[in-house]
Amino acid sequence: MAAAAIHTAGLSKDYGLGRGLFELDLQVVQQEVFGFLGPNGAGKSTTIRCLMGLIRPSAGSAHIFGLDCIRDYVAVKRKVGYVPGEMPQFGSLRGSEVVAYLGAMRGGADARAVHSLAERFSLDLSRRYREYSSGNKQKLGIVLAFMHRPPLLILDEPTAGLDPLNQREFYTLVREARDDGATVFLSSHILSEVERACDRVGIIRSGRLVNVADLDELHRIRFHRVEIEFAPDTDPPVPALRAAQGVEDVMVEDRLLTCTVRGSFEPLLDAIRGSTVTNLVSHEPSLEELFLEYYKEDAVKALSD
Amino acid sequence: MAAYLLALRLGRWGIAGYGATAFAVALLQAAGFYQVAGHTAAERQVFGRSMSLLAAQFTVLVPAPIRPDTVGGYVQWRAFGFFAIVFGVWALASAGSAARSDEERGIVPAILAAGKSRPALIASRVGAFATAAMIAALAAGAGLLVGVATGGESISAAATLGQAVALVALAVCCFALTLFIAQLTSARGGTTVAGVILLGLFLLNSLSRTFDGLVRWRWLSPFYYYDQSSPLVPGGRVDARATLTLFAIAAVVAVLAAVAFRFRDIGSPLFSLPVPHRPASYDVSVTPVWRVPVLRDLYDRRAALLVWAAGVAGLGVVSVALTKNIVEPLLAIPGLARYFAAFLNGNLFSSFFDYIWFGFAQLLLAGFAITQVARWTAEDSDGRLELILSNPVSRVRVVIERVVVLALGALIIAGVSGVAVAVEAHYQSIDLDRGRLAEASLLLVPFTLVFGTVGALLASRIPRATVGLLGAFAFASYILEQLGPIFKLPTWVDDLSAFKLYGQPLTTGVDQTGLVIMLAIVAAGLVASAIVMERRDVGA
């Protein structure tokens, strides 16, 4: 049986005062896109740095393709492409020189792969690094991570700073990499982002893994706050909305209706079909709101049990 | 007020470092005076005459002393003349950072976004630096008062305060000039251009002491106005007009800087040439040097290496010429023999050159090592090391490559300067043993590595404090080596200095014991830093 792409057992990094990462047990199978979801400061980057052998865990172990992340860190890096949470400074070096410099540490950069990736993201490698916008720096990070076609990609908030078009291109690239046999471990604090790209999602909060969910469970967890404004001569179809599956917390004030939608929007759209809607706004809740909702449900379930 | 306090906070390490240095130098020079000047009036007069003759050879750096037979006159010359350079360099670095580096780091946009006006930001920066310079200048004054007290004498506190104010006026003037120049240039070029202009203004004043043709232009130099005050000398005073002129120049130039800042784009100079359009390139660099370990790092810092090699070689050449000018008159002064006996051995030319040039070259190479170590710590703090270590390279290899790059850099600098010195010595008809000159030049490499490996160990353990600690180590080593003979310190205390290990290879040959100790320190430092680097957290 092939070794897991990533395996951690009781992985901990204690920074004191309750900060850090605690007893992370995680398994990412090969050729899977695994999202690591959590709010800022939850321990995502700490986990990733432990996997990259950059920081030593206080306890527990981490293995990549069966290799110990601390003891065998050089061998691990041969199998990994990495986008850091924040791209560093390379001053007056040109993008092409940064690629050559870091590519040489892997025995040389694949010129065709670099050209293809840079062209795909419209990244001009002849410009100096300090002239790059934050989005272009992030694109360079993506080029550096993907250029040697590694079997595992560890990406720390890889879409930070990318515009929607490049984000879409990035997710296409991730899917292509997976289809070519690569495993992808990417962190994010945006639920819709991991939902779009990942097969499974690990949710981390305050340094502890809360849940590992597949896409179905994610759909159950996620919800939207929706505001619907009806035309002056239209009565909001409140009974139909209250009866609609997944539509909750329906409140009406004059012609403005607010509600919460879990899962699919279809029941909501069915309920308002035939009514004249002048405005419809859907807000994705923050991760903190999601967690509060998630824990509220857990508490209710525990009480009812 | 918040921007002013923030500027002070950003400069707190500068205040601590320059303040401590100023205090220590003033204290040691004042206390050292009582060790070398003698105790009777006659002894001091002889000493004063000797110092005046000696100082006449160094007027390209500091003005000739007035009454060096007194502690005030001696410290005015040895410490406060030197402080003009030190505070000028501080002002240059600090203003360069305030004007453009903080802009690149996002500090300036954040302050402006908080509602601070651009002129107010410039005013807060100038005010904060003036405060910082005043603290450091007062520290120098305190060092002087304590040093004089060790000799059982006293010096006017008002005169000391006046000297501090004159020093602050010069520093603020240099700060404002740099601040203004940085508005006109690219972010990277600001400090360099301002440095060249300040150096030009410094030389204009100092060379005007030798070349009469420059006298009518020296009013352009802020250093000229600083030289007008000599309150520490008996009967001396602060030249109020000159000091006010410095403050007035600072005020006018700061206003110009504020106006230039008002009209330029953040991230751009006030005037810039349009960039020609060129098609985008998606290709990796084909320059082969990027593929060769060590060579790629040398290539990456080629401009800095070139400047270091040319600068050190140039100073070596100047030292040869200075040595000839100094030694010939000195040979006729028997009174100086006792003063030099503490430092020099054998042939006076070789000894003097060994003492002057290789003493200075050690300081320069220690500085070179510190700049390279600063680069390592910057790689750590800005995340470059994290990205390097995301590649299949071991941490031990990173440490070794860094030290090898430092060794090769030092070798290039020492080699170029050694050749330049040999050529100039031949041209000046000075008989220097070429074999020993080569040995002395090459010995600078392990000497540099002593600082480099100590720095590597510090950078592996406590990267944020590394530059400060290594600078303090270099300064303490240098001061110990310079003042040990004056204060007649025990041999074991002298031996603690890294500079002592270098010895006087041009005069007495390579000190084998010193070389072995240096190599042992390098080996131990390398092994220790590799071990610490293997175990430390990166990017945490």
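As the structure is a prediction and not an experimental result, all values here were calculated from the model.

Within chain B, the regular secondary structure consists of 22 helices and 0 strands. Since a compact globule built from 540 residues should have a radius of gyration of about 24 Å, the 24 Å found for chain B is in line with a globular shape. Within chain B, the fraction of its 540 residues that count as buried is 45%. Taking the contacts inside chain B whose residues are at least 6 apart along the sequence as the reference set, 76% of them involve residues at least 24 apart.

Another aspect to go through is the overall build of chain A. In terms of regular secondary structure, chain A is built from 11 helices and 14 strands. Overall, chain A is about 70 × 50 × 40 Å in size when its C-alpha atoms are taken along their principal axes. Within chain A, buried positions represent 40% of all 305 residues. Sequence separation of at least 24 residues holds for 69% of the intrachain contacts in chain A that already meet a minimum separation of 6.

A word on the domain arrangement of chain A. In terms of domain boundaries, chain A breaks down into domain 1 (6-219) and domain 2 (223-283). Its C-alpha centre places domain 1 of chain A at a distance of 39 Å from the equivalent point of domain 2 of chain A.

Our next topic: the interface of chain A and chain B. For interface size, the figure often reported is the accessible area lost on association. Between chain A and chain B, the contact holds 35 residues from the first and 27 residues from the second. With 8 residues, helix 3 (residues 95-104) of chain A is the largest single contributor of residues to the side of chain A that touches chain B. Looking at the side of chain A that touches chain B, its residues break down into 18 nonpolar, 7 polar and 10 charged.

Residue and element names in this part refer to chain B. Here Tyr427 is to be found in helix 16 (residues 395-427). Residue Tyr427 is classed as exposed on the basis of its 11 C-beta neighbours within 10 Å. As for Tyr427 and Leu145, which are separated by 282 residues in sequence, their C-alpha atoms are 46 Å apart.

All names here are of chain A. If you walk across this open sheet you meet the 4 strands as 2-1-4-5, and the pairing is antiparallel. The open sheet has two edge strands, strand 2 (19-28) and strand 5 (67-68), and neither has a second partner. Two strands pair when backbone bridges link them, and strand 1 (residues 6-16) and strand 2 are joined in this way by 7 bridges, in the antiparallel orientation. The residue of strand 2 that forms the bridge with Lys13 is Leu21. The sheet contacts of helix 1 (residues 44-51) involve strand 1, strand 2 and strand 4 (59-64), and relative to strand 2 the element is tilted by about 60 degrees.

Residues and elements named next belong to chain A. Spatial strand order, 6-7-8-3-9-10: 6 strands in an open sheet with mixed pairing. Either end of the sheet is taken by a strand with one partner, and the two such strands are strand 6 (80-83) and strand 10 (208-214). Between one strand and the next, the sheet's axes are offset by a mean angle of 15 degrees, whatever the strand orientation. As paired elements, strand 3 (residues 33-37) and strand 9 (residues 200-205) share 4 bridges and run parallel to each other. Note that in strand 9 the partner of Phe34 across the bridge is Arg200. Taken strand by strand, helix 1 contacts strand 3, strand 7 (152-156), strand 8 (183-188) and strand 9, and its axis lies near 145 degrees from that of strand 7. Along the sheet, helix 5 (residues 134-146) contacts strand 6 and strand 7; its crossing angle with strand 6, the most-contacted strand, is approximately 175 degrees.

Turning to the environment of His283(A), a few remarks are in order. Residues and elements named next belong to chain A. Assignment of secondary structure puts His283 in strand 14 (residues 277-283). You can call His283 exposed: it has 10 C-beta atoms within 10 Å. Each C-alpha atom, one on His283 and one on Phe223, is 9.0 Å from the other, the two residues being 60 residues apart in sequence. Filtering out sequence-adjacent residues up to four positions away, His283 remains in contact with His224 and Arg225.

This part is about the pairing of strand 11 (residues 223-230) of chain A. The side chains of a regular strand alternate, residue by residue, between the two faces of the sheet. Residues and elements named next belong to chain A. The sheet contact formed by strand 11 and strand 13 (residues 256-262) spans 7 bridges and is antiparallel. Counterpart to Phe223 in the pairing with strand 13 is Arg262. Pairing analysis gives 6 bridges linking strand 11 to strand 14, with the strands arranged antiparallel. Across the sheet, residue Glu229 finds its bridge partner in strand 14, namely Asn279.

Turning to the packing of helix 7 (residues 157-184) of chain B against helix 10 (residues 240-263) of chain B, a few remarks are in order. Residue and element names in this part refer to chain B. Across the interface, helix 7 lies against helix 10 with an axial gap of 8 Å and an inter-helix angle of 20 degrees. It follows from the interaxial angle that helix 7 and helix 10 lie roughly parallel. In the crossing of helix 7 with helix 10, the sense of the turn from one axis to the other is left-handed. Judged by residue contacts, Val165, Ala166, Ala169, Leu170, Val172, Cys173, Ala176, Leu177, Leu179, Phe180, Gln183 and Leu184 of helix 7 engage Thr243, Leu246, Phe247, Ile249, Ala250, Val253, Ala254, Leu256, Ala257, Ala260 and Phe261 from helix 10. When grouped by side-chain class, the residues that make up the contact of helix 7 with helix 10 number 21 nonpolar, 2 polar and no charged.

Moving on: unusual backbone geometry. Residue and element names in this part refer to chain A. If you check the backbone angles, Leu17 has positive phi at about 55 degrees while not being a glycine. Structurally, the position occupied by Leu17 is in the loop between strand 1 and strand 2. The phi angle at Asp249 is positive, at roughly 50 degrees, despite the residue not being glycine. On the secondary structure map, Asp249 appears in strand 12 (residues 247-253). Judged by the 12 C-beta atoms lying within 10 Å of it, Asp249 falls in the exposed class.

The biggest cluster of nonpolar side chains holds 86 residues, and the ones touching the most others in it are Ala140(B), Leu170(B), Ala171(B), Val172(B), Ala176(B) and Leu179(B). Among the elements that make up this core, the one with the highest residue count is helix 7 of chain B (19 residues). When sequence neighbours within four positions are dropped, the list of residues in contact with Leu170(B) reads Ala84(B), Phe87(B), Pro222(B), Phe223(B), Tyr226(B) and Leu246(B). Grouped together as the second largest cluster of nonpolar side chains are 79 residues, Tyr73(A), Val98(A), Ala100(A) and Leu385(B) included.

What counts as what
Residues numbered from 1 in each chain as written. Chains lettered and ligands numbered in written order. Predicted model: local features only at pLDDT ≥ 70, side-chain atom pairs only at ≥ 80, totals over all residues. Helix = DSSP H or I, 4+ residues; strand = E, 2+ residues; numbered from the N terminus. Rg over C-alpha atoms; globule rule 2.2 N^0.38 Å. Buried ≥ 20, exposed ≤ 12 C-beta atoms within 10 Å, placed from the backbone. Contact = placed C-beta atoms within 7 Å. Domains from an automatic or database assignment. Nonpolar A, V, L, I, M, F, W, Y, C, P; charged D, E, K, R; others polar. Pairing = 2+ DSSP bridges. Axes fitted to C-alpha atoms, helices over the stretch in contact; angles between N-to-C directions. Parallel < 35°, antiparallel > 145°, perpendicular 65-115°, else oblique. Left-handed = near helix turned anticlockwise from the far one by under 90°. Core = buried A, V, L, I, M, F, W, Y, C linked by C-beta atoms within 7 Å.

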